[in-house]
Structure formats: structure tokens, C-alpha cells
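Reading the structure
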Amino acid sequence: MYPAPISDYFAPSTLEECLDLLYHYGSQAKIIAGGQSLLPLLKLRMVDTPIIIDINRIIELQEFGEKFLEPGKRILRIGALTRHKTLASHPLVLSKYPIISDAAKYIGDVQIRNRGTIGGSLVHADPAADLPVPILVLDSTLRVISKDGERDFSAEDFFLGLMMTVVEENEILAYVDIPSPQKGTGAAYSKHSVVFGDFSVISVGARVTLLEDICQSSRIYVGGVNPRPQRAVNTEEFLQGKTITSEILQKAADVMAEEIEVESDMRASNTYRKILLKHYGFNVLSKAIQRAKEDQF
Ligand SMILES: Cc1cc2nc3c(=O)[nH]c(=O)nc-3n(C[C@H](O)[C@H](O)[C@H](O)COP(=O)(O)OP(=O)(O)OC[C@H]3O[C@@H](n4cnc5c(N)ncnc54)[C@H](O)[C@@H]3O)c2cc1C
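Keep in mind that what you see is a predicted model, and the values were worked out from it rather than measured. (Residues numbered from 1 in each chain as written. Predicted model: local features only at pLDDT ≥ 70, side-chain atom pairs only at ≥ 80, totals over all residues. Heavy atoms only, no water.)

**What to know about the overall build of the protein**
Check the secondary structure of the protein and you find 12 helices and 14 strands. On C-alpha atoms alone, the protein measures out to a radius of gyration of 19 Å, which is about the 19 Å that the 2.2 N^0.38 rule sets for 297 residues. Considered along the principal axes of its C-alpha atoms, the protein spans approximately 60 × 50 × 30 Å. Burial status across the protein gives 52% buried among its 297 residues. Of the roughly 14000 Å² that the protein leaves accessible, carbon and sulfur atoms contribute 53%. (Helix = DSSP H or I, 4+ residues; strand = E, 2+ residues; numbered from the N terminus. Rg over C-alpha atoms; globule rule 2.2 N^0.38 Å. Buried < 20%, exposed > 50% of the residue type's maximum accessible area, 1.4 Å probe, protein only. Areas by Shrake-Rupley, 256 points an atom, 1.4 Å probe, with all protein chains shown as cover.)

**What to know about the side chain of glutamate 171**
Along the chain, glutamate 171 falls in the loop between β9 (164–165) and β10 (172–179). Judged by its relative accessible area of 6%, glutamate 171 is buried. In terms of polar contacts, glutamate 171 uses its side chain to reach the side chain of arginine 151, at 2.8 Å. In this structure the side chain of glutamate 171 is engaged in a polar contact, spanning 2.8 Å, whose partner is the backbone nitrogen of glutamate 168. In this view, glutamate 171 contacts Leu22, Ile31, Val144, Ile145, Ser146, Arg151 and Val166; residues no more than four positions away in its chain are not counted. (Polar contact = N/O pair within 3.5 Å; in protein donor to acceptor, adjacent residues only side chain to side chain. Contact = heavy atoms within 4.5 Å.)

**Looking at the pattern of salt bridges**
Inspection of the entire model under this criterion finds 17 salt bridges. One salt bridge connects aspartate 152 with arginine 143, and the closest N-O pair in it is separated by 2.5 Å. Take arginine 143: its relative accessible area is 17%, and that puts it in the buried class. Taking the shortest distance from any N to any O, the salt bridge between glutamate 236 and arginine 219 comes out at 3.9 Å. Here arginine 219 lies in strand β13 (residues 214–223) and glutamate 236 lies in helix α10 (residues 233–239), a separation of 17 residues in the sequence. Each member of the pair, glutamate 236 as well as arginine 219, is classed as buried. (Salt bridge = Lys/Arg side-chain N within 4 Å of Asp/Glu carboxyl O.)

**Points about the site of the ligand**
As a matter of local geometry, the ligand sits amid 30 residues, with Ile31, Ser37, Leu38, Thr117 and Asp130 nearest to it. Contact distances for the ligand include 3.2 Å between an oxygen atom and a backbone N or O atom of glycine 108. Here serine 121 contributes a backbone N or O atom positioned 3.4 Å from an oxygen atom of the ligand. Because more than half of its atoms lie within 2 Å of the grid, the ligand is assigned to the largest pocket. Looking at the shell around the ligand, the elements that each hand over two or more residues are β2 (29–32), α7 (118–124) and β10. Residue contributions to the shell around the ligand peak at 4 residues, all from α7. (Near = heavy atom within 4 Å. 1 Å grid on protein atoms, 1.4 Å probe; cavity = no way out; pocket = protein on both sides within 12 Å on 5 of 7 lines; lining within 4 Å. Sits in = over half its atoms within 2 Å of the grid points.)

**Things to note about unusual backbone geometry**
For arginine 45, which is not a glycine, the phi torsion comes out positive at approximately 60 degrees. The residue arginine 45 is located in the loop between α2 (38–43) and β3 (51–54) in this model. In the Ramachandran plot, glutamate 212 falls in the positive-phi region, its phi being about 45 degrees despite a non-glycine side chain. With respect to the secondary-structure elements, glutamate 212 resides in the loop between β12 (202–211) and β13.

**Topic: the UniProt feature "domain: FAD-binding PCMH-type" (unreviewed entry) in the protein**
Per the UniProt record, "domain: FAD-binding PCMH-type" (unreviewed entry) is found at residues 2–183. Structurally, residues 2–183 comprises 32% helix and 27% strand, and the distance from its first C-alpha atom to its last is 52 Å. (UniProt positions renumbered as here; feature names shortened; annotations may be inferred.)

Spelled out as C-alpha cells, the structure:
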């Protein structure tokens, strides 16, 4: 199907210009970044918007790299227009933040990764999307801007539910800040999909900090099974203070499968999802531990 007619298309070249347009048109306008979620929705007529604001020319949204926010506090800043391809293959991501590449490299296919952006994926907030899980696992901060000012959200507060975030109609997600890894920390992500490169049936992301093989802290989220990624708090508590062995990781995966609420749908039964959770839980925790020993976030 073809989308309903669009009456106006704007391609602002500065953030200020874009915020003016959002302020002026509000609910009548839709931002387009990579178009990999918006265009299908327009074609299916699930979204109908008379005005499109194309943000691809805005340099401010293309920032990517490490910087010091203040002495001693380094972050990786990922501008909203950063493509999945960059997240999947950039040397900085691969060497220091490989969990992000774990998630980005299997998003859709090569065309989708070339066009799709982190901002679009996070604001679209599909429950089976890949990037929300590592963004949560890494305790990221997200900056949202409008003409009225700036708002910062922890990733935990950013996602509200099924395709719902804190971003209002007159606002734009500008960038994501990820804190630099603490020594002895590793993180990993993996997903199960029916077809290779498809949305996840379940996904698991984990971050673990070790001191001489003892778990100091962890952060674990499961995606694809609920309206938004669910934190595995009991599993985190189970791991706390334990000396990490293969047996402990197996038990942790059992706790994870026990505590996460899963439902059946056309892609998988809840029983199968529980089995998948044990398998992926164990594998992702093992990978995070291996990276912690190599200081790879
Ligand atoms: C065939 C297919 C397979 C896919 N497989 C996967 C997959 O395996 N895993 C996965 O995670 N995703 C998958 N996707 C989804 C898709 O890749 C992402 O949702 C997409 O990349 C979103 O980014 P975008 O830049 O294309 O966003 P767009 O489509 O341009 O925008 C999406 C939404 O976000 C809003 N928006 C965009 N940028 C901003 C911003 N900076 N501030 C505020 N609002 C903004 C738009 O208004 C729109 O509502 C798939 C998509 C297709 C078509």
C-alpha cells in the first residue's frame, strides 16, 4: 500500500530549526531518521501524518565518540543519527563496548543497518528491538530536547511500555551517553529469532563486574517477552558476592528463567521461551564474564 499523501516535507539543517518546526507543528508532524520503522507504518496506514521532518542533515545529531564530561568522568556519546552499521562495526565499539555491536550487527539486513539509527530504534521502542537492552544494561543517559529546554533520562526511566517512551511530540532525542567501563567489567548481548536477522523471540543482555572471580555487581535485562525490557533483579541478587563458576552461571540462568514473566504468542510458546532463556542466559553471562576478565565493556 502507498502512504496517505504528505502535505509538507522539511529537511532542517540545524537543531534549532528542527525544534522550531516541532514547536510549530507538534502532533501534526513526524520526524523521519532512517525511515526503517516509520515508512512501513505509513505504508500500512498505521500512522498518518501530513508533515514529515527529515533530520538527516542535522550535524548536531551525528556526534559519535568518547569525551570527558568533567575531569575523570568519560563517556561514549552516541548521536541519535548514528546508524546501526556504525554501532555494529566501529573499532571503538568493538574494542571497548562490544555489547553494542552484539546487538546492532543482527538488526534486520544490511540495508536496514545502513539506514536505521539508534535514535529511531529507541524512540520507536518496539518490545522486540535489539538496542534498548544494551542501552539499559550500560546505565545510559538519554538527552531529549525541545524549544522549552533539555531533559535527561536514565534508560530505565526512558522506556514507558509498548512503543512508548518519555519523548513528547515537540521533542527530539539528541544523543545517548554511556559511562566508560569500570575496571573488571564485561558485558554481552544475544538474541534468538525465528529467522536470522529478524526481531527477537527473546534477548538477553548482561553486565558483570568481577574482582578476582567474585561478582561485585551485575545488571541484566531480558527483551522480546514484555512490553519493555524486563530487569532480572533476582538473578542479579543471586550472583552478588558469588565466586563465578560454570555451575553458578547455570543456576543463575535458571533463576532468570524463573523470574521473567513470559507469554505465548505466534512465534513461541511460553514453555519454549523459558527454555531459550536458560540457554541464552547462560551463554550471555559466560560471555560477559569472559569479557570482564579482558576488561571489555
Ligand atoms: C524488515 C525489517 C526488519 C527489522 N529487524 C529488526 C531487528 O532485527 N531488530 C531491531 O531492533 N529492529 C529491526 N527493525 C526495525 C528498525 O531497524 C528500527 O526500528 C529502525 O532502524 C529505527 O530507526 P530509523 O532511524 O529507521 O527510525 P525511523 O523509522 O525514521 O523512525 C522511527 C520512529 O522514531 C521517531 N524518531 C526517529 N528519530 C528520532 C529522534 N532522534 N527523536 C525523536 N523521534 C525520533 C520517528 O518519528 C518514528 O516515530 C527492522 C525493520 C524492518 C523494516
